[in-house]
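Examining the three-dimensional arrangement
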Amino acid sequence: MESGCSKKLLDLIPQEKKWGFIENQNGISHGSSEEKKLELKLGPPGEEDEPLVSFGYFSSMKSNAKQAHNKFPPAQEDHRGGAVLTASWAKNHHHQPKPPNCSQKRTAPGPVVGWPPIRSFRKNLATTSKLASESPPSLPHKVAIERKPAAPETRGKGLFVKINMDGFPIGRKVDLKSYDSYEKLSTAVDELFRGLLAAQRDPSADGPKQEEEKVITGVLDGNGEYTLVYEDNEGDRMLVGDVPWHMFVSAVKRLRVLKSSELSVINLGSSKKGKMVQN
Amino acid sequence: MNYFPDEVLEHVFDFITSHKDRNSVSLVCKSWYKIERYSRQRVFIGNCYSISPERLIARFPGLKSLTLKGKPHFADFNLVPHDWGGFVYPWIEALAKSRIGLEELRLKRMVVSDESLELLSKSFVNFKSLVLVSCEGFTTDGLAAIAANCRFLRELDLQENEVDDHRGHWLSCFPESCTSLISLNFACLRGEVNLGALERLVSRSPNLKSLRLNRAVPLDTLQKLLMRAPQLVDLGIGSYVHDPFSEAYNKLKIAIQRCKSIRSLSGFLEVAPHCMSAIYPICGNLTFLNLSYAPGLHGNKLMKLIQHCRKLQRLWILDCIGDKGLGVVALTCKELQELRVFPSDPFEAGNAAVTEEGLVLVSAGCPKLNSLLYFCQQMTNAALITVAKNCPNFIRFRLCILDPIKPDPVTNQPLDEGFGAIVQSCKGLKRLSLSGLLTDQVFLYIGMYAEQLEMLSIAFAADSDKGMLYVLNGCKKLRKLEIRDCPFGDAALLEDVGKYETMRSLWMSSCEVTLGGCKAVAEKMPSLNVEIIDESEQMEFNLDDKQKVDKMYLYRTLVGHRKDAPEYVWIL
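Per-chain numbering applies: the sequence of each chain, read as written, is numbered from 1 onward. Chains carry letters from A onward and ligands carry numbers from 1 onward, assigned in written order. In keeping with the predicted nature of the model, local features appear solely for residues at pLDDT of at least 70, side-chain atom pairs appear and are counted solely at 80 or more, and the whole-chain, interface and lining totals rest on all residues. The basis for the side-chain values is all heavy atoms of the structure; hydrogens and waters are excluded.

**Let's talk about the overall build of chain A**
Across its full length, chain A holds 12 helices and five strands. Relative accessible area decides the class of each residue, using a 1.4 Å probe on protein chains only: under 20% of the type maximum gives buried, over 50% gives exposed, and in between gives partly exposed. Within chain A, the fraction of its 279 residues that count as buried is 50%. Two residues form a contact once any of their heavy atoms are found within 4.5 Å. The long-range fraction of contacts in chain A, counting pairs at least 24 apart against all pairs at least 6 apart in sequence, stands at 60%. Total accessible area on chain A stands at roughly 13300 Å², and carbon and sulfur atoms take up 53% of it. Helix and strand definitions follow DSSP, with helices as H or I runs of at least four residues and strands as E runs of at least two, each counted in order from the N terminus. Only the protein chains shown count as cover for residues, with accessible areas throughout obtained via the Shrake-Rupley method and a probe of 1.4 Å.

**Considering the overall build of chain B**
Scanning chain B from N- to C-terminus turns up 21 helices and 23 strands. Radius of gyration here is computed from C-alpha atoms only, and the compact-globule reference equals 2.2 Å multiplied by the residue count raised to the power 0.38. Compactness check: chain B gives a C-alpha radius of gyration of 25 Å against a globular reference of 25 Å for 572 residues, within 12% of the reference. The dimensions of chain B, computed from C-alpha atoms along their principal axes, are 70 × 65 × 60 Å. Split into buried and exposed, the 572 residues of chain B put 62% on the buried side. Accessible area of chain B: about 21500 Å², with a carbon and sulfur share of 53%.

**Thoughts on helix H20 (residues 515–524) of chain B**
All names here are of chain B. All of the buried residues in H20 are Leu515, Gly517, Cys518, Val521 and Ala522. Around the axis of H20, the buried residues are gathered within 165 degrees of arc, so they sit on the same side. Looking at H20, the residues exposed on the side facing more than 90 degrees away from the buried face are Glu523 and Lys524. Each direction from the helix axis to a C-beta atom contributes to the arc, which is the arc of those directions.

**Quick word on a nonpolar patch on the surface**
What makes a patch is a set of residues exposed beyond 30% relative accessible area and free of salt bridges, joined within 9 Å when like-charged and within 5 Å when nonpolar (Val, Leu, Ile, Met, Phe, Trp, Tyr). Here, a salt bridge means any side-chain nitrogen of Lys or Arg that lies within 4 Å of a carboxyl oxygen of Asp or Glu. A cluster of nonpolar side chains, Tyr3, Phe4, Val8 and Val12 of chain B, forms an exposed patch at the surface whose accessible area comes to about 430 Å². Relative to the helices and strands, phenylalanine 4 of chain B resides in the segment before helix H1 (6–14).

**Quick look at the packing of aromatic side chains**
When we look at a pair of aromatic rings, we describe it by the centre distance and by the angle of the planes. All names here are of chain B. Each Phe, Tyr or Trp ring (for Trp, its six-membered ring) is paired with any other whose centre lies within 6.5 Å, and the angle between the two planes then decides the class: stacked below 30 degrees, edge-to-face above 60, tilted in between. The tally for this structure, following the rule as stated, stands at 22 aromatic pairs over all chains. For the pair phenylalanine 397 and phenylalanine 419, a centre-to-centre distance of 6.4 Å together with 85 degrees between the ring planes defines the contact as edge-to-face. Of the two residues, phenylalanine 397 is situated in strand E16 (residues 396–401) and phenylalanine 419 in helix H16 (residues 416–425); the sequence distance between them amounts to 22 residues. Classification of phenylalanine 397 by relative accessible area gives buried; the value is 0%.

**Overview of the environment of asparagine 164 of chain A**
Its place among the elements puts asparagine 164 of chain A in strand E1 (residues 160–165). Placed 48 residues apart in sequence, asparagine 164 of chain A and proline 116 of chain A show a C-alpha to C-alpha distance of 25 Å.

**Remarks on the nonpolar core**
Residues grouped as a nonpolar core are buried Ala, Val, Leu, Ile, Met, Phe, Trp, Tyr and Cys residues, joined through side-chain atoms within 4.5 Å. Among the nonpolar cores identified, the biggest contains 207 residues, and Tyr240 and Ile446 of chain B are the most heavily contacted of them. By size, the runner-up hydrophobic cluster in this structure holds 28 residues, among which are Tyr179, Leu185, Trp245 and Val249 of chain A.

**What to know about the confidence of the model for chain A**
All names here are of chain A. Every residue is assigned a pLDDT by the predictor, reflecting its confidence on a scale from 0 to 100. Within chain A, residue pLDDT values average 55, and 32% of them lie at 70 or more. Looking across chain A, the model is least confident in helix H5 (residues 84–91), with a mean pLDDT of 32, and most confident in strand E5 (residues 252–259), with 83. Confidence drops under pLDDT 50 across residues 1–109; counting only partners more than four residues distant or on other chains, this segment forms 204 contacts. Across residues 265–279 the pLDDT falls below 50, and counting only partners more than four positions away or on other chains, this stretch makes 44 contacts in the model.

**Description of the sheet that holds strand E4 (residues 237–239) of chain A**
Residue and element names in this part refer to chain A. In short, DSSP must find at least two bridges between two strands for them to pair. A sheet is described by the order of its strands in space; here five strands give the open sequence E2-E1-E5-E3-E4, paired in mixed fashion. Sheet topology places strand E2 (172–175) and E4 at the edges, where each strand pairs with a single neighbour. Pairwise comparison of adjacent strand axes, ignoring direction, gives a mean angle of 35 degrees for this sheet. Where E1 and E2 come together, four bridges link them in antiparallel fashion. Residue isoleucine 163 lies in a different strand from E2, and its bridge partner there is arginine 172. The convention used is that axes are lines fitted to C-alpha atoms, helices contributing only their stretch in contact, and that angles between N-to-C directions extend from 0 to 180 degrees.

**Describing the confidence of the model for chain B**
Looking at chain B, the pLDDT average stands at 93 and 97% of residues meet or exceed 70. As scored by the predictor, the complex reaches a pTM of 0.71 and an ipTM of 0.86.

**Examining helix H17 (residues 440–449) of chain B**
All names here are of chain B. Of all 10 residues in H17, eight are buried, a share of seventy percent or more. Among all positions in H17, only Asp440, Gln441, Val442, Phe443, Leu444, Tyr445, Ile446 and Gly447 are buried. Close packing links the buried residues of H17 with H16, strand E17 (431–433), strand E18 (455–459) and helix H18 (465–474).

**Notes on the state of the cysteines**
Residue and element names in this part refer to chain B. Here, two cysteine sulfur atoms that lie within 2.5 Å of each other are counted as a disulfide. All chains considered together, the criterion is met by zero disulfides over all chains. Free of any disulfide, cysteine 48 has its nearest neighbouring cysteine sulfur in cysteine 135, separated by 10 Å. Owing to a relative accessible area of 3%, cysteine 48 belongs among the buried residues under this scheme. Free cysteine: cysteine 333, not disulfide-bonded; nearest cysteine sulfur from cysteine 366 at 6.3 Å.

**Focus: the pairing of strand E3 (residues 226–232) of chain A**
Residue and element names in this part refer to chain A. The buried fraction of E3 amounts to six of the seven residues, a majority that puts the element mostly inside the structure. Bridge count for E3 against E5 is seven bridges, and the pairing is antiparallel. Looking across to E5, one finds that aspartate 232 is bridged to valine 252. Bridge count between E3 and E4: three bridges; the pairing is antiparallel. What sits directly across from tyrosine 230, in E4, is methionine 238.

**Comments concerning the packing of helix H12 (residues 299–307) of chain B against helix H13 (residues 322–332) of chain B**
Residue and element names in this part refer to chain B. As a packed pair, H12 and H13 sit with axes 9 Å apart at the nearest point and diverge in direction by 10 degrees. Relative to H13, H12 is oriented roughly parallel. For the pair formed by H12 and H13, the contact residues are Met303, Ile306 and Gln307 on the first element and Lys324, Gly325, Val328, Val329 and Thr332 on the second. Grouping the constituent residues of the contact of H12 with H13 by class yields four nonpolar, three polar and one charged. Just so you know how the angles are binned, under 35 degrees is roughly parallel, over 145 roughly antiparallel, 65 to 115 roughly perpendicular, and the rest oblique. Think of it as three bins: nonpolar holds Ala, Val, Leu, Ile, Met, Phe, Trp, Tyr, Cys and Pro, charged holds Asp, Glu, Lys and Arg, and polar takes everything else, Gly as well.

**So, a negative patch on the surface**
In this tally Asp and Glu are treated as negative and Lys and Arg as positive; neither His nor the chain ends contributes. In plain terms, the charge of a residue is placed at NZ if it is Lys, CZ if Arg, CG if Asp and CD if Glu. Negative charge collects at one region of the surface, where Asp6, Glu7, Glu10 and Asp14 of chain B lie side by side. Looking at the secondary structure, you find glutamate 10 of chain B in helix H1.

**Examining the pattern of salt bridges**
Evaluated as defined, the whole model comprises 27 salt bridges over all chains. With a shortest N-O distance of 3.8 Å, arginine 122 of chain A and glutamate 160 of chain B are connected by a salt bridge. One end of the pair, arginine 122 of chain A, is in helix H6 (residues 120–123); the other, glutamate 160 of chain B, is in the loop between strand E6 (155–159) and strand E7 (162–164), on a second chain. Summarising the burial analysis for this pair, arginine 122 of chain A and glutamate 160 of chain B share the class buried. Note that lysine 122 of chain B is salt-bridged to glutamate 118 of chain B, the shortest N-O span being 3.0 Å. Of the two residues, lysine 122 of chain B and glutamate 118 of chain B are both situated in helix H6 (residues 114–123); the distance of four residues between them amounts to about one turn of the helix. Classification of lysine 122 of chain B as exposed rests on a relative accessible area of 57%. The class for glutamate 118 of chain B is partly exposed, based on a relative accessible area of 38%. Connected through salt bridges with shared partners, the residues Arg119 and Arg122 of chain A together with Asp76, Arg109 and Glu160 of chain B form a single ionic network.

**Here we look at the environment of glycine 498 of chain B**
Residues and elements named next belong to chain B. Turning to its location among the elements, glycine 498 is positioned in the loop between helix H19 (490–494) and strand E20 (505–509). Since its relative accessible area comes to 31%, glycine 498 is described here as partly exposed. A sequence separation of 285 residues divides glycine 498 from leucine 213, and the C-alpha atoms of the two residues are 47 Å apart.

**Re unusual backbone geometry**
A cis amide bond links tryptophan 115 of chain A to the next residue, proline 116 of chain A, at an omega of -5 degrees. Notably, arginine 109 of chain B is not glycine yet its phi reads approximately 55 degrees, a positive angle. On the basis of relative accessibility, which here comes to 9%, the residue arginine 109 of chain B falls in the buried class. Located in the positive-phi region is alanine 462 of chain B, a residue other than glycine, with phi close to 75 degrees.

In structure tokens:
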């Protein structure tokens, strides 16, 4: 399982420089075999021999590999080669960037904190314009109302946030106070939308609904068809499960269930989540 | 030696307006210092923690205008927790207690409470101008206090602040006697405003030159406002959605045509692209056009609009303009000096994003280009080299490739050579932001060639400490250095700690510096505040010197450790 996992990870991060997995999409510079990559990562530490002037991409990247290894000695203890990234994440308390997307998708990297460097004001413009094009032209001000940050309501002791699912214009509300962990939230999301999904898939189904309904799993670990994201109090979109539960609850303003294929770094999420989320 | 009486010197100093020059003047001799300090009216403080309000007041009793900046730049990108600091209240409190006749306050990235706005509004009889940029912590109640109490208010300029909008009534708080407004900008407010009050306010403000509305101001109000204020020079349109066949639209066309003085146009917070033709009559005079909040405007409509703007000097746009659209800019806007291209869809695949092609086109067509902020999908060394040749006059060059470590897609090389060409060619370069795949080499070039560089922003770059060392050794005029996610560690940090005293600040996050390294800097340099920002509670339990530091912010100061830091900030 480990090597399979690592192979998948490495395929997806061809240009990941920081941790020395340098491998170009065109396969030039140093070797593209899995073993070579593993070798670079698990090579001996402490080599200082970087060329002052890089004669080529290869030599500078090679030094990266050594450099990268220096940075993450904990990775040695963890024998999952591909999970060098994971280990460093779990053990490093600061945010490491999620490596950029695989070559298959021409997308920007996923939600790295503070990247791209634009102010919150500018982040939700695209969403707003999508809403504008979807909403009927006779209601231009609907966009204005949507534009306001979706603040969670507190009815009495509850903390209700809106949750929308891709493909369904009408959202739901969940009371975050009634869950105390990500797992429970995930179950709730499944229960909320499972029926809707089934109806959408086969609206004319005659058979018993029970068999048609597919359980929605893997929203937190990136393995499923859907992934759970949220918008925080700064308007940023984040993967659910990144931070301790109580921090999440205090920061979350609304939730979305996105198709995982739409998300830029899904498999990355899977390797990370395996280690990170234990709330 | 003074050959002239003090008054003459003072009069001469009146002509010296730049802060840098006035600072230099004050260093010449004691008597010049004295004359300068009594005659100084405008003070700029780039880091509010570098000096205390008391010392400011003591030195410049004639102070009329104060500019203060609080949080570090990376706070714009949510890398700094909200309550890190930068509170303006102590400043206003101290100034209020003194005899200072404050007339203008300009704040950037500071925390401004309603309390402080209220105190401000009541403490300075001649207060004229309030400019808040990227601030937070206040509500429209604070604005109401300003409106109500500042009898001679000329300028209320709110740019991209986080304001808790309690809706409505603050505009009504401007008394009928208030007729002095020259500039009113409330585009960043999200709530409704009292439209009637707004119309009346504009009607009784004959000197109004700059008006920027928020999205709650509908078209027919815009039309009425323009009829009452045809003298406007700067207009920010809120909502621009309407039916092109309506009476309201016809009225708007007429109103706009009367506004022959408009040179600057922005806003379009909601826009219907088929209605842009009403704007054409004033496009020919525009020197500044900001469409960066209007994703609904793209394609042919956008290009047609641009084609009318032959005198543009500054253009802020979204990347949905595409490379083709930038080609139109290159053909049309020969006077262009500043271009900013923002991402319209920062987190997802952009169909209409821009690439190196657009930038090359603009560089070829607009020889006066000197300031750039460019978010793009990709960049090549060849393109950067061409841009460097075409435009040697860059003062600001900020390139953001959305994938932060993307190499040149044609050659798969890092972008060292491209940026190297920029710094070598643009001898006056003061500000540089790097992105894409970069090795230590680019920093060697920067250290060698970027002699005028004052601010450098680095992310996900370099291979080793050498990168940082090249910069610290080479860039003699460096004032602000901000670094994230680079492999720079203690060796680089500690190489020349004296250098930091010549700079305003250094930010390093997700790098390799350790707690021990930061402690060493703090110990060697008592004139610096070395702050560790760590919200993860790790610092509580594990104070091992070898531990890597999440975020470090150090800055020179004359007043030692600040007392208002929250619990997750450690000042070493």
